[in-house]
2 protein chains.
Amino acid sequence: MFSIFKQEARGLATSPASSSTQDLGTNCGEGLDSESSEKTDKEPVDFYGLGDPAAEFSQMSPYLSSRGSIIKCFRDAAEEGYKAYHLDEYDEDKNPNGIINFGTSENKLCFDLLSSRLNQRDMHHIEPPMLQYPDWKGHMWLRDEVAKFLSYYCKAPVPLKPENVVVVNGCASLFSALATVLCDPGEAFLIPSPYYGAITQHVYLYGNVRLVYAHLDSRVTGMDCRPFQLTVKKLEIALLGAKSEGINVKGLILINPQNPLGDIYSQERLQEYLEFAKRLPDPQRTHVIWGTSKDFGISGFRFGTLYTENQDVANAVASLGCLHGICGTVQYQVAQLLRDRDWINQVYLSENHARLRAAYAYITEELETLNIPFLRTKAGFFVWIDLRKYLCSDTFEEEFSLWRRFLHHKVLLSCGKAFECKEPGWFRLVFSDKIHRLRLGMQRIQEVLEKEPQGAKTLSPCQSLEKSSQSR
Amino acid sequence: MFSIFKQEARGLATSPASSSTQDLGTNCGEGLDSESSEKTDKEPVDFYGLGDPAAEFSQMSPYLSSRGSIIKCFRDAAEEGYKAYHLDEYDEDKNPNGIINFGTSENKLCFDLLSSRLNQRDMHHIEPPMLQYPDWKGHMWLRDEVAKFLSYYCKAPVPLKPENVVVVNGCASLFSALATVLCDPGEAFLIPSPYYGAITQHVYLYGNVRLVYAHLDSRVTGMDCRPFQLTVKKLEIALLGAKSEGINVKGLILINPQNPLGDIYSQERLQEYLEFAKRLPDPQRTHVIWGTSKDFGISGFRFGTLYTENQDVANAVASLGCLHGICGTVQYQVAQLLRDRDWINQVYLSENHARLRAAYAYITEELETLNIPFLRTKAGFFVWIDLRKYLCSDTFEEEFSLWRRFLHHKVLLSCGKAFECKEPGWFRLVFSDKIHRLRLGMQRIQEVLEKEPQGAKTLSPCQSLEKSSQSR
């Protein structure tokens, strides 16, 4: 059984570059701060899970196909938090009582740097090929810059090759394309949970590919030296569990830095995970995704790139590229951005890191003051905070009820269920924002937590809430 | 049987605005020029066909899923013509013996106007929301401009509503999204053929949706008053044929102006077709796609919009929108472009039409001089030319052989098979290019046709050639 998986597995890793450009450096640490894992072992925790996005929805539309009705429900379900937020966004001057967004994983600290760079004269160049149908792998001058950029910042032992690069409109599109060309309908990828929940949609919406979760939890036992630690043993258990249910697992998804945990996998750990996936790490079956959303804080730019040495995969993804194309002038701007090593190293990275560090220091001090346990972050824009002691009972109804109380009190967070976390009560808090907004958001969190938590007995069952506080 | 289809059908119409902004005005005409339909009735022509993209490919990759292998083959197959072209593009100075591209349906006449407009200062504005995750329906200020633009240029009887607009990265993405949310896997859309062949991929790659062809041909008989005329009778025959094969047809795709024929459907005709699809035209089941590629000659910009009054469809497409997102600054530029009515009306449209008219006049005079029959075009960038008399036999092998002789003689055309035309020997010739390139391309065509056509007996069977000279 196991060897079949090993023959079939494809390693799928994400964002190696992030570990160099996003690393917060001084804020490394291990384990939970204060009270760490006080609620462990209260109830048995499953070691794996199997996502079934279709099972959560049932409302059919007479105007849509069966799958269309399910696809539509993803939007409906994701809307509660973001709909409320977009109708009532906080603005210091115009809407000081509006909602503070601690939910969307975006870097709002460097808009001045990026808009200034993107408005420089060299960005406004247009040539006929930029306005014409492109090669769907992307313009060669951009693929060339991507290869150079990733070679440099990922410290590649040998230069990466432009012909192995395919660029599309964002990493979400690459998850969709890779799921479709690596899996047949109903097959699955293995992923450690909690994980960035939107991947569920990205691999399912078009691809009809499911996720098998290798559940991590806060208990520190046996081989684990920190909470939520990923081990090969946990991957093996999840894989065997999925196999016992007849699920064909075709690959392993690793997000690095991990979202929502903020972990960075060490080279040794990555090696272990890839060996698990394919005895020896196999470059022909290891496909790397990287995008500018997090490292450059420009999620609205919609830029993602695949790097793979396997030309079958590159060509199959390029075939889908006509559905994920990027505007030619944007390709030019991204190329200009990536090649401007002076600006990146001397202006952007140092300033971005300093601002992120300051925001992280502020938010973690506040959390400590409020006696809220959290996982120390190595990278990313977020901290994974432990609000289990504020739940009346260890249920996702309770977690959702708390999430909703935050929202009603004008602060939007992402709750653990949105990341398929197995333990109710964890939340992701995004800190990459201006201090005055962080301060106000933390005040509001404190005000909610100081009140006695309310029972949530009138709420509908857990299933119907699953996607309601979706992450981004 | 028939009423079931009527209950299920969805009308899907494309590019109503094009009829006003692309209409060549003075070049209207009916019927084939010179020799018109001399080869008619030589052999029986099927009245309908059923596309089966998977049947054409068989090479499995050990690195891909079954569907991934098929998806990859689309890229391999499409490459011959465009690969040759991109390796050897004609350039007046640098590569005068390079390939002239009469194959890609792009307007190369107005780059100066567009690049000048897109480089004006008002285009270079950046605000934080443009760099952040957007609503996947598009920024509201863009949807607002799209609604105003389409209301004005489509002469909408009542203003179109911004909330019915969803913008994505190109019309290809909308075909993919609509196919997926309107059809379940294996279901089909009905489409008159010849048609823009890339739609096969757009609905099949992710959606696994097939096309049923209502074959049009050059014979003028009975109800037809011009060659390749679409009638409800032909749609009915194709629909019944598909039903007899157990195919569930979920909608009708109409491209207006028609590609490759260049026809514009009159309001009366459109009404008939929509009544066929749904007894009475039903706004809740009529979904309109429009894009900037053709009307503004900026296919590299990747902009397409859906207009639908049905919110289930809009929301389901928006759910897929995370995979088809457009860069925020590009959304801003498109909004600026669409709202600049002065530039569009006084600069762009008049100049664009004058240049297209001149190019059309030149190419049709050349065709007449060469005694090549063609369909007079009402709109679009192309003429549908009849080279049947140059084939040794009425086969697609012969057509492909002629297409390849053109390519070897450095002129790239699209052959009829790429549009699923049922009669071998038709080609689409794109004329929206500078006169010196048109002149050289026509010289090369003449040189090929003056030689005695060669037999093509050594070629592989028709099936394997189906996608080889794919259109764009």
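That block above? That's the structure.
Residues numbered from 1 in each chain as written. Chains lettered and ligands numbered in written order. Predicted model: local features only at pLDDT ≥ 70, side-chain atom pairs only at ≥ 80, totals over all residues. Heavy atoms only, no water.

Asks: What is the right way to look at the interface of chain A and chain B in this model?
Replies: Many structure descriptions define interface size as the accessible area lost when the parts assemble. Taken residue by residue, the interface counts 81 residues in chain A and 81 residues in chain B. Summing both sides of the interface, chain A and chain B together bury roughly 6900 Å²; the carbon and sulfur share of this comes to 56%. Of all residues in chain A, Tyr63(A), Tyr133(A) and Tyr206(A) give up the largest surface area on contact with chain B, accounting jointly for 14% of the area buried on that side. Linking Arg75(A) and Asp135(B) is a salt bridge whose minimum nitrogen-to-oxygen distance equals 3.2 Å. Along the contact surface separating chain A from chain B lie 51 residue pairs in polar contact (both at pLDDT 80 or more). Elements supplying a minimum of two residues to the side of chain A that touches chain B: α3 (66-87), α4 (111-118), α6 (171-182), α10 (292-295), α11 (311-320) and α12 (328-339) of chain A. With eight residues, the top contributor of residues to the side of chain A that touches chain B is α6(A). A per-class count over the side of chain A that touches chain B returns 37 nonpolar, 29 polar and 15 charged. (Contact = heavy atoms within 4.5 Å. Buried area = accessible area lost by both parts, 1.4 Å probe. Salt bridge = Lys/Arg side-chain N within 4 Å of Asp/Glu carboxyl O. Polar contact = N/O pair within 3.5 Å; in protein donor to acceptor, adjacent residues only side chain to side chain. Helix = DSSP H or I, 4+ residues; strand = E, 2+ residues; numbered from the N terminus. Nonpolar A, V, L, I, M, F, W, Y, C, P; charged D, E, K, R; others polar.)

Asks: How do you make sense of unusual backbone geometry when you look at a structure like this?
Replies: With omega at 5°, the peptide bond leading from Asn256(B) into Pro257(B) counts as cis. Structurally, Pro257(B) is set in the loop between β7 (249-255) and α9 (267-278). Residue Pro260(B) is reached from Asn259(B) by a cis peptide bond, and omega for that bond is 20°. Counting through the fold element by element, Pro260(B) comes out in the loop between β7 and α9. Of note in this structure, Glu420(A) is not a glycine but carries a positive phi near 55°. On the basis of relative accessibility, which here comes to 7%, the residue Glu420(A) falls in the buried class. (Buried < 20%, exposed > 50% of the residue type's maximum accessible area, 1.4 Å probe, protein only.)

Asks: I'm lost on the sheet that holds strand β10 (residues 374-375) of chain A in this one. Help?
Replies: Within a beta sheet, neighbouring strands are joined by backbone hydrogen bonds and run either parallel or antiparallel to one another. Residues and elements named next belong to chain A. Ordered by their spatial adjacency, four strands build an open sheet running β10-β11-β14-β13, and the pairing between neighbours is antiparallel. The open sheet terminates on both sides in strands that have one partner only, identified here as β10 and β13 (414-415). In terms of strand pairing, β10 meets strand β11 (residues 382-386) through two bridges, oriented antiparallel. By the bridge assignment, Phe 374 is partnered in β11 with Ile 385. This element, helix α13 (residues 341-369), spans β10, β11 and β14 (426-430) of the sheet and lies at about 10° to β11. (Pairing = 2+ DSSP bridges. Axes fitted to C-alpha atoms, helices over the stretch in contact; angles between N-to-C directions.)

Asks: Explain the sheet that holds strand β11 (residues 382-386) of chain B here, please?
Replies: Residue and element names in this part refer to chain B. Strand order across the open sheet formed by four strands is β10-β11-β14-β13, with antiparallel pairing between neighbours. Of all the strands in the sheet, just β10 (374-375) and β13 (414-415) have a single pairing partner and so form its edges. The sheet strands contacting helix α14 (residues 396-408) are β13 and β14 (426-430), and the helix crosses β14 at an angle near 30°.

Asks: What am I meant to see in the side chain of Gln336(B) here?
Replies: Residue and element names in this part refer to chain B. Inspection of the secondary structure puts Gln 336 in helix α12 (residues 328-339). Within the local environment of Gln 336, its side chain forms a polar contact with the side chain of Asp 122, the two groups lying 2.9 Å apart. If we skip the residues at most four places from it in the chain, Gln 336 touches Arg 117, Asp 122 and Met 123.

Asks: What is the right way to look at the relation of the copies chain A and chain B in this model?
Replies: What relates the pair of chain copies is a rotation about an axis plus a shift along that axis. The transformation that overlays chain A on chain B combines an axial shift of 0.0 Å with a rotation of 180°, and the residual RMSD is 0.0 Å. Such a combination of rotation and displacement between the chain copies is what one expects of a two-fold axis. In this assembly, 100% of the residues forming the interface of chain A have copies in chain B that are likewise at the interface, indicating an isologous arrangement. (Least-squares fit on C-alpha atoms with pLDDT ≥ 70 in both.)

Asks: Explain α9(B) to me, please; I cannot follow it from the model alone.
Replies: Residues lying three or four places apart along an α-helix face the same way, a consequence of the helix completing one turn every 3.6 residues. Residues and elements named next belong to chain B. Counted at 1.5 Å a residue, the expected span for α9 with its 12 residues is 16 Å, and the 16 Å between its end C-alpha atoms agrees. Buried within α9 are the following residues: Tyr 273, Leu 274, Phe 276 and Ala 277. Along α9, the residues classed as buried sweep out an arc of 150° about the axis, all on the same side. Set apart from the buried face of α9 by more than 90 degrees, the exposed residues are Gln 267 and Glu 268. (Expected span 1.5 Å × (residues − 1). Arc of directions from axis to C-beta.)

Asks: Hey, could you run me through the packing of α4(A) against α13(A) in this one?
Replies: The angle between the axes and the distance between the axes are what describe a pair of packed helices. Residue and element names in this part refer to chain A. Taken N-terminus to C-terminus, the directions of α4 and α13 make an angle of 160°; their axes are 10 Å apart at the nearest point. Taken as axis vectors, α4 and α13 run roughly antiparallel relative to one another. For the element pair α4 and α13, the recorded crossing hand is left-handed. Taken together, the residues of α13 that come into contact with α4 (itself represented by Asp 112, Leu 113, Leu 114 and Arg 117) are Trp 343, Val 347, Tyr 348, Glu 351 and Arg 355. Split by residue class, the contact of α4 with α13 holds five nonpolar, no polar and four charged. (Parallel < 35°, antiparallel > 145°, perpendicular 65-115°, else oblique. Left-handed = near helix turned anticlockwise from the far one by under 90°.)

Asks: Help me understand the pairing of β7(B), please; the structure alone is not making it clear to me.
Replies: Each regular strand displays side chains that alternate between the two surfaces of the sheet. Residues and elements named next belong to chain B. Across the seven residues that make up β7, a large majority, seven, are buried. Here three bridges tie strand β5 (residues 188-193) to β7, and the two strands are oriented parallel to one another. Residue pairing for β7: Leu 190 is matched across the bridge by Leu 252.

Asks: What is the right way to read α13(A) from this model?
Replies: Between its first and last C-alpha atoms α13(A) spans 40 Å; for 29 residues at 1.5 Å apiece the expected length is 42 Å, and the two agree. Where α13(A) bends most, the angle comes to about 35°, and this point is Tyr348(A). (Bend = angle between axes of the 7 residues up to and from the residue.)

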